[in-house]
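# Analysis of the macromolecular model
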Amino acid sequence: MDRSEEARETALEASRAHYAHLAYYRDRVLAERSAAETKRQLDFIEFAFRTHATHEVRDVLDVACGNGRHILALARRGFRCTGLDYTPEQVQIAQARAKGEGMSVRLLQGEATRLNYESEFDAALAILILFLLPNDDDVLGCLRKIHRALRPGGIVVCNIANPFYDGENWFSLRSVHHGHWSGDVRVPGMRYTSIDRVQDFDPLRGVAWWQETRFVQTKDGVHIFRDRERLRLLTYWDILHYLRLAGFKEIKCYPDWKTKVPKKPKAEMLVFVARKD
């Protein structure tokens, strides 16, 4: 294994361990806070299926499905669903939830850049994953694997946080230049506090090293989780470039999961829909 591959594997393993430790607490936070937001995103996803795919969407792949928030909800809406995530603990949470609801959903552990499907799906999701991939080759490799997994006329829905968003969020140039960002979430029986510090930022490559600290206060005490991640501040032009290189056509970008583009968008999130010919 050469040094670049060793560094890549080290970054992936560190990320997996971090999300594994946080899986239970993140699941509780998302379950408490995300019902309305998840519905809005799912309504957009179904809009994308109807509007951009050339045939009826039945089989859906969710790359980096996490705790199953989107893929299980799509299964409830009648789609045949497969979810994949790099963190086994996240997959276990999704599997337990599917079993509890009596749903038939394939949920697997695997890496986004090493998908092994060919023309099996009508649509794929890659939500909040591209900026976490270790390098540019992995971003392109992930999209190429998704393209291969889709049937002709199928679509991918993917998104990134907009680094040029001028409001307050955790992943914008404003936060990068300030050098830090913090957030606090309270749900019954738990307080979840996030503190992110930018340790290094390369403006030419759009790469930043994030030092993440999570304080989880529960009845049994305070739990502290730390991680250092290399994140890409991907732009609209980056994703457009990678989607085209991966072979996608008819690419459209929507702001903040809205089906109608405002005249002067100031999007916090950029959502792309692209079709395979």
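Before reading on, note that the structure itself is shown above.
Along each chain, numbering runs from 1 in the same order as the chain's sequence is written. Local features in a predicted model are, by the rule used here, given only for residues with pLDDT of at least 70; side-chain atom pairs are given and counted only at 80 or more, and totals for whole chains, interfaces and linings are based on all residues. Note that water and hydrogens are dropped before the side-chain values are worked out from all heavy atoms of the structure.

## Notes on the pairing of strand E7 (residues 190-202)
Pairing between strands requires that DSSP locate at least two bridges from one strand to the other. Strands are runs of DSSP state E lasting at least two residues, helices are runs of H or I lasting at least four, and both sets are numbered from the N terminus onward. As paired elements, strand E6 (residues 180-187) and E7 share eight bridges and run antiparallel to each other. If you follow tryptophan 181 over to E7, its bridge partner there is aspartate 196. Relative to strand E8 (residues 207-218), E7 is paired through 12 bridges, and the arrangement is antiparallel. In the strand pairing of E8, phenylalanine 201 is matched with alanine 208. Joining the antiparallel neighbours E7 and E8 is a turn of four residues, in which glycine 206 adopts a positive phi near 65°.

## Topic: the packing of helix H5 (residues 136-149) against helix H7 (residues 236-245)
The geometry of a pair of packed helices is captured by two quantities: the angle between their axes and the separation between those axes. Axis lines are fitted through C-alpha atoms, for helices just across the contact stretch, and the angle between N-to-C directions can take any value from 0 to 180 degrees. The contact between H5 and H7 brings their axes to 9 Å, and the two run at 50°. Here H5 lies oblique to H7, going by the angle between them. As H5 packs across H7, the resulting crossing turns out to be right-handed. Residues Asp136, Val139, Leu140, Leu143 and Arg144 of H5 pack against Tyr242, Leu243 and Leu245 of H7. Taken together, the residues of the contact of H5 with H7 break down into six nonpolar, no polar and two charged. Any angle between 65 and 115 degrees counts as roughly perpendicular, while under 35 counts as roughly parallel, over 145 as roughly antiparallel, and the rest as oblique. By the definition used in this description, the sense in which the near helix is turned from the far one sets the handedness, with an anticlockwise turn below a right angle giving left-handed and a clockwise turn giving right-handed. Residue contacts are defined here by distance: any two heavy atoms, one from each residue, within 4.5 Å place the two residues in contact. Side-chain classes follow a simple rule in which Ala, Val, Leu, Ile, Met, Phe, Trp, Tyr, Cys and Pro form the nonpolar group, Asp, Glu, Lys and Arg form the charged group, and the remainder, Gly included, forms the polar group.

## Considerations on the state of the cysteines
In what follows, a disulfide is any cysteine sulfur pair within 2.5 Å. Counted under the stated rule, the structure contains zero disulfides. This cysteine, cysteine 142, is not joined by any disulfide, and cysteine 158 carries the nearest cysteine sulfur, 8.8 Å off. Exposed residues in this analysis have more than 50% of their type's maximum accessible area, buried residues have under 20%, and partly exposed residues fall in between, with area computed by a 1.4 Å probe over protein chains only. On the basis of relative accessibility, which here comes to 0%, the residue cysteine 142 falls in the buried class.

## Quick word on the packing of helix H2 (residues 35-52) against helix H3 (residues 69-76)
Between H2 and H3, the least distance of the axes is 11 Å, while the angle of their chain directions is 65°. Pair H2 / H3 crosses with right-handed handedness. Contacts between H2 and H3 involve Thr38, Gln41, Leu42, Ile45 and Phe49 on the former and, on the latter, Arg69, His70, Ala73 and Leu74. The residue inventory of the contact of H2 with H3, partitioned by class, reads five nonpolar, three polar and one charged.

## Quick word on the pairing of strand E4 (residues 121-126)
Within a regular beta strand, the side chains point alternately toward one face of the sheet and then the other, so they alternate between its two faces. Counting buried residues in E4 gives six out of six residues, a clear majority hidden from the surface. Bridging between strand E1 (residues 59-63) and E4 involves four bridges; their strand directions are parallel. Bridge assignment links valine 60 to a residue of E4, and that residue is alanine 123. Sheet topology places E4 next to strand E5 (residues 150-161); five bridges connect them, and they run parallel. Bridging across to E5, leucine 125 finds its partner in valine 157. Between the parallel elements E4 and E5, the chain passes through H5 in a crossover that is right-handed. We call a crossover right-handed when, viewed with both strands directed away from the observer, the connection leading from the first strand over the helix to the second proceeds clockwise.

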